[in-house]
Amino acid sequence: MDNKYAKWFRRSVWLGILADWALGIPTIFAPEWVLDILGFRQTGDPIWTAFAALLVVLLSLFYIPGANQPYRYKFNAWLAVFARPPGVIYFLVLHPGTYPAFGILDGALFLIQLPLLLLTMKHQPKASEVGELYPDANQAKRGTREHATRWLKITLWLGIIADWALGIPAIVAPGQVLELVGARATLDPVWTSFASMILVLLSLFYIPGANRPYRYRANAWLAVFARPPGVIFFLVLWPGAYPQFGILDGSLFLLELPFLLMTMQILPFWRFKDRNVFRYTGTTFRTVRDGTWSNPYPENPKQPSLGVSTFFQFLNDSARNMHDHRDIRPVYDKLIHGHGVAYTGVWEIDDSDSNTFTGWFAPGRKGLFLGRMSVAGLFVDQGKPRSLGMGGKVFPTMDPDQHVWPGNFVLVSHLSGSFDKHVLDIEMTNYPTIGLDPIANTINRLIFRMFDTRPGYRQLYPISTLGVAPGEPVVTPDLMRVMPAPGTPRVDKEDFRDEIRLRNYPDGQLVMDIEVKALDAEDWTRIGKITLTDDVVSEGSDKQLHFWIPKDIPNFEGGVAPTGISGTSGPSALPPSPYTGTE
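No experiment lies behind these values; they were computed from the predicted model shown.

**Q** Any chance you could break down the pattern of salt bridges for me, citing the residues and the numbers?
**A** Close approach of charged atoms allows side chains of opposite charge to pair. Enumeration according to the criterion identifies 18 salt bridges in this entry. The salt bridge involving aspartate 163 is made with arginine 227; its shortest N-O contact spans 3.1 Å. With aspartate 163 in helix H7 (residues 146–172) and arginine 227 in helix H11 (residues 227–237), this residue pair connects regions lying 64 residues apart in the sequence. Residue aspartate 163 shares its accessibility class with arginine 227, and that shared class is buried. Linking arginine 501 and aspartate 535 is a salt bridge whose minimum nitrogen-to-oxygen distance equals 3.0 Å. Separated by 34 residues along the polypeptide, arginine 501 in the loop between helix H18 (496–499) and strand S6 (510–517) and aspartate 535 in strand S7 (residues 525–536) bring together distant segments of the chain. Just as arginine 501 is buried, aspartate 535 falls in that class too. Among the charged side chains, a salt-bridge network with shared partners connects Asp20, Arg84 and Asp106.

Take a look at the structure:
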């Protein structure tokens, strides 16, 4: 996305944003002082001057998405540029001689930004590079968020219409509008009219968020949170002057906020009635494979990641993973491991007398396999600290249409990231080290601890209990890792997804050795292999495939592990097991 035209367009828009902030922010609190410093005509009504400055600052916030991501937020980019000519017309044509410097500033910025915008849009990259494949407002129909989304749109449009009803006539007749609504008369119609014009321009930026809140998330969030500043301005900074405007903004905010939170997944149980979470009864390999392979991407996309606006969603998702057994969920964002490649293949355990494990860790066990390798966060390229993860589903059958309960596992590498050139050289285990990265420490030592006793330890009993009858002894490895089989070539690709596509390996297959050991053991022992035979980069893989995280239980009864093996006690060390293999 960052071609030279987009870079210069971004700089030109940010120049305007900084100019708006430099003039607008101090004017909110000291309008007369700012005008005096600049040598401009003094205001006859500082309330309207300050309010106009507040609206200019709020308007500039909507320029930011278009400046930073002009292809994703095209509407914002175009409107950020064409919001300048109204200022030119207002100060140089409609009210000449009052504040011509403001008109000249807007005109100069428009002449700089417009050619750069045209060149930026002319050299637009492919859709998959700029997020056109992200779920948009229409995607909600595939999930269960239609109700909240519909009401968010209604309440946002209610605010837009209210702004137009007050703002448009007030541009040309501010005194008459204030008299009509029974408000205090203005002492400076120029500033009241200008504030009305900015209010209307501001409301135009609400429209993308009101029509397509998933596609234009920034607009939706800003449209709602542009209301509280009006409340503070009219009810706190300038009380008694125009309280009805503060009350209007406050009422709209209280109407819009709950629907925004429900739409953006901040309140999941209010957002939708997801009745299937606790009713999992197994699946077939073909069902999961078909869901994972749905909507393949033509090119590697950039997915959203954990941020301020998605933090509460992340908390909800973390708690849900401990209880939601589903293999395919409605479309959702994986906020940590958003970028990945999904695989199908075969899980095979060697026929060895030294292997005493149970379930599908037992000697000679063979089953269908479906998994996904991914990296944490946005660092997908070589040279960046990448933390590699693998989620796997072991199906205790070779029949893709047999209804079974697959066993899930999750492996992750060093959580602060690795600088290995090839991700296949990165070791993944079910008990990863954390390192010094502050975000990794916050997530794993603080947040995950709210949901589990050993949040970094992902136990393996969903696999060791497959096919084991309730009450029978269960023997589970403490630790597991998968590593490329000896002799596997390394592929030099910048994006890790290109590196691990199967087309790069002999016979279009990638063989990963399954190795296990006890917590206190030094060496790993190979017990089998996973042969990956097909892969995909798809929406189904990135946004629907789900791996249940088993809740932590004691590895062994009494708190003391037998040497080399854990889980050797009886059913008292494990909850009643539903993993009987088939139904």
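**Q** Summarise the environment of glutamine 382; cite the residues concerned and give the values.
**A** Checked against the element boundaries, glutamine 382 lands in the loop between strand S2 (366–375) and strand S3 (388–395). Beyond its immediate sequence surroundings of up to four residues, glutamine 382 is in contact with Lys421, His422, Asp492, Lys493 and Glu494.

**Q** Provide a residue-level description of the sheet that holds S2, including the pertinent values.
**A** The antiparallel open sheet is built from seven strands, whose spatial order is S4-S3-S2-S1-S7-S6-S5. The open sheet has two free edges, formed respectively by strand S4 (407–412) and strand S5 (479–484), since each of these has just one partner strand. Adjacent strand axes in the sheet meet at a mean angle of 30° when their direction is disregarded. Relative to S3, S2 runs antiparallel, the two sharing eight bridges. From the neighbouring strand, leucine 370 faces S3, where its bridge partner is lysine 393. Most of the contacts of helix H14 (residues 285–292) go to S2, to which it runs at about 25°, and overall it touches strand S1 (339–349), S2, S3 and S7.

**Q** Explain the pairing of S5 to me, using residue names and the numbers behind them.
**A** Taking burial as the measure, the six residues of S5 include six buried ones, the bulk of the element. Here S5 shows a buried face lined by Leu479, Arg481 and Met483 and a second buried face lined by Met480, Val482 and Pro484. Relative to S6, S5 runs antiparallel, the two being bridged by six bridges. In the sheet register, methionine 480 faces S6, and the bridge partner there is valine 516.

**Q** Tell me what's going on with a nonpolar patch on the surface, and back it up with residues and numbers.
**A** Among the surface-exposed residues, Ile25, Phe29, Ile232, Leu235, Val236, Leu237 and Ile247 lie close enough to one another that they form a single nonpolar patch of about 660 Å² accessible area. At the level of elements, helix H1 (4–29) and H11 are the ones that each hand at least two residues to the nonpolar patch. Ranked by the residues each element gives to the nonpolar patch, the list is headed by H11, at four residues. Tracing the backbone shows leucine 237 in helix H11. Residue leucine 237 is classed as partly exposed on the basis of its relative accessible area of 40%.

**Q** Describe the side chain of serine 60, naming the residues involved and giving the relevant values.
**A** Tracing the chain through its elements places serine 60 in helix H3 (residues 46–68). Apart from the residues within four sequence positions on either side, serine 60 is in contact with Ile17, Asp20 and Trp21.

**Q** How would you explain the side chain of serine 193 if you had to name every residue and give the values?
**A** You can see serine 193 is positioned in helix H9 (residues 189–211). Reaching out from serine 193, the side chain makes a polar contact with the backbone oxygen of isoleucine 171 at a distance of 2.4 Å. Sequence-distant contacts of serine 193, that is, excluding residues within four places in its chain, are made with Tyr90, His95, Ala170, Ile171 and Pro174.

**Q** Account for the packing of helix H5 (residues 85–94) against H9, with residues named and values stated.
**A** One way to put it is that H5 packs onto H9 with a least axis distance of 11 Å and a crossing angle of 165°. As far as their axial angle goes, H9 and H5 are roughly antiparallel. Both H5 and H9 take part in a crossing whose hand is right-handed. Residues Pro86, Gly87, Tyr90 and Phe91 of H5 touch H9, and the partners they reach there are Pro189, Val190, Ser193, Phe194, Met197 and Leu201.

**Q** Residues and numbers for the packing of aromatic side chains, please.
**A** Following the criterion strictly, the structure yields 37 aromatic pairs and no others. When the centroid spacing of 5.9 Å and the interplanar angle of 75° are considered together, the rings of tryptophan 48 and phenylalanine 51 count as edge-to-face. Of this pair, tryptophan 48 and phenylalanine 51 are both found in helix H3, three residues apart, which corresponds to roughly one turn of the helix. On the basis of relative accessibility, which here comes to 5%, the residue tryptophan 48 falls in the buried class. Judged by centre distance (4.7 Å) and plane angle (55°), the ring pair of phenylalanine 51 and phenylalanine 234 falls under tilted. With a gap of 183 residues between them, phenylalanine 51 in helix H3 and phenylalanine 234 in helix H11 connect regions that are remote in the sequence. Like phenylalanine 51, the residue phenylalanine 234 is buried in the burial classification. One aromatic cluster is present, built from ring pairs that chain together Phe40, Tyr90, Phe91, Tyr99, Phe102, Trp191 and Phe194. We note arginine 11 situated over the ring of tryptophan 8; from NZ or CZ to the ring centre the distance is 4.6 Å.

**Q** Please set out the nonpolar core residue by residue, giving values where relevant.
**A** Counting 71 residues, the largest nonpolar core has Phe194 and Tyr242 as the members making the most contacts within it. For this core, the element with the most residues is H3, which contributes 16 residues. By size, the runner-up hydrophobic cluster in this structure holds 40 residues, among which are Val341, Ile463, Phe496 and Ile527.

**Q** Outline the packing of H3 against helix H10 (residues 217–225), supporting the account with residue identities and numerical values.
**A** Where H3 contacts H10, the axes come no closer than 10 Å and their chain directions differ by 170°. By the angle between their directions, the pair H3 and H10 is classed as roughly antiparallel. Of the residues in H10, those touching H3 at Leu61, Phe62 and Pro65 are Ala218, Asn219, Leu222 and Ala223. Each residue belonging to the contact of H3 with H10 can be placed in one class, and the counts come to six nonpolar, one polar and no charged.

Rules behind the numbers
Residues numbered from 1 in each chain as written. Predicted model: local features only at pLDDT ≥ 70, side-chain atom pairs only at ≥ 80, totals over all residues. Heavy atoms only, no water. Salt bridge = Lys/Arg side-chain N within 4 Å of Asp/Glu carboxyl O. Helix = DSSP H or I, 4+ residues; strand = E, 2+ residues; numbered from the N terminus. Buried < 20%, exposed > 50% of the residue type's maximum accessible area, 1.4 Å probe, protein only. Contact = heavy atoms within 4.5 Å. Pairing = 2+ DSSP bridges. Axes fitted to C-alpha atoms, helices over the stretch in contact; angles between N-to-C directions. Patch = residues over 30% accessible without salt bridge, like charges linked within 9 Å, V, L, I, M, F, W, Y side chains within 5 Å. Areas by Shrake-Rupley, 256 points an atom, 1.4 Å probe, with all protein chains shown as cover. Polar contact = N/O pair within 3.5 Å; in protein donor to acceptor, adjacent residues only side chain to side chain. Parallel < 35°, antiparallel > 145°, perpendicular 65-115°, else oblique. Left-handed = near helix turned anticlockwise from the far one by under 90°. Phe/Tyr/Trp six-rings, centres within 6.5 Å; stacked < 30°, edge-to-face > 60°. Lys NZ or Arg CZ within 6 Å of the ring centre and 35° of its normal. Core = buried A, V, L, I, M, F, W, Y, C linked by side-chain atoms within 4.5 Å. Nonpolar A, V, L, I, M, F, W, Y, C, P; charged D, E, K, R; others polar.

Spatial relationships are all this shows, so hold off on functional conclusions.
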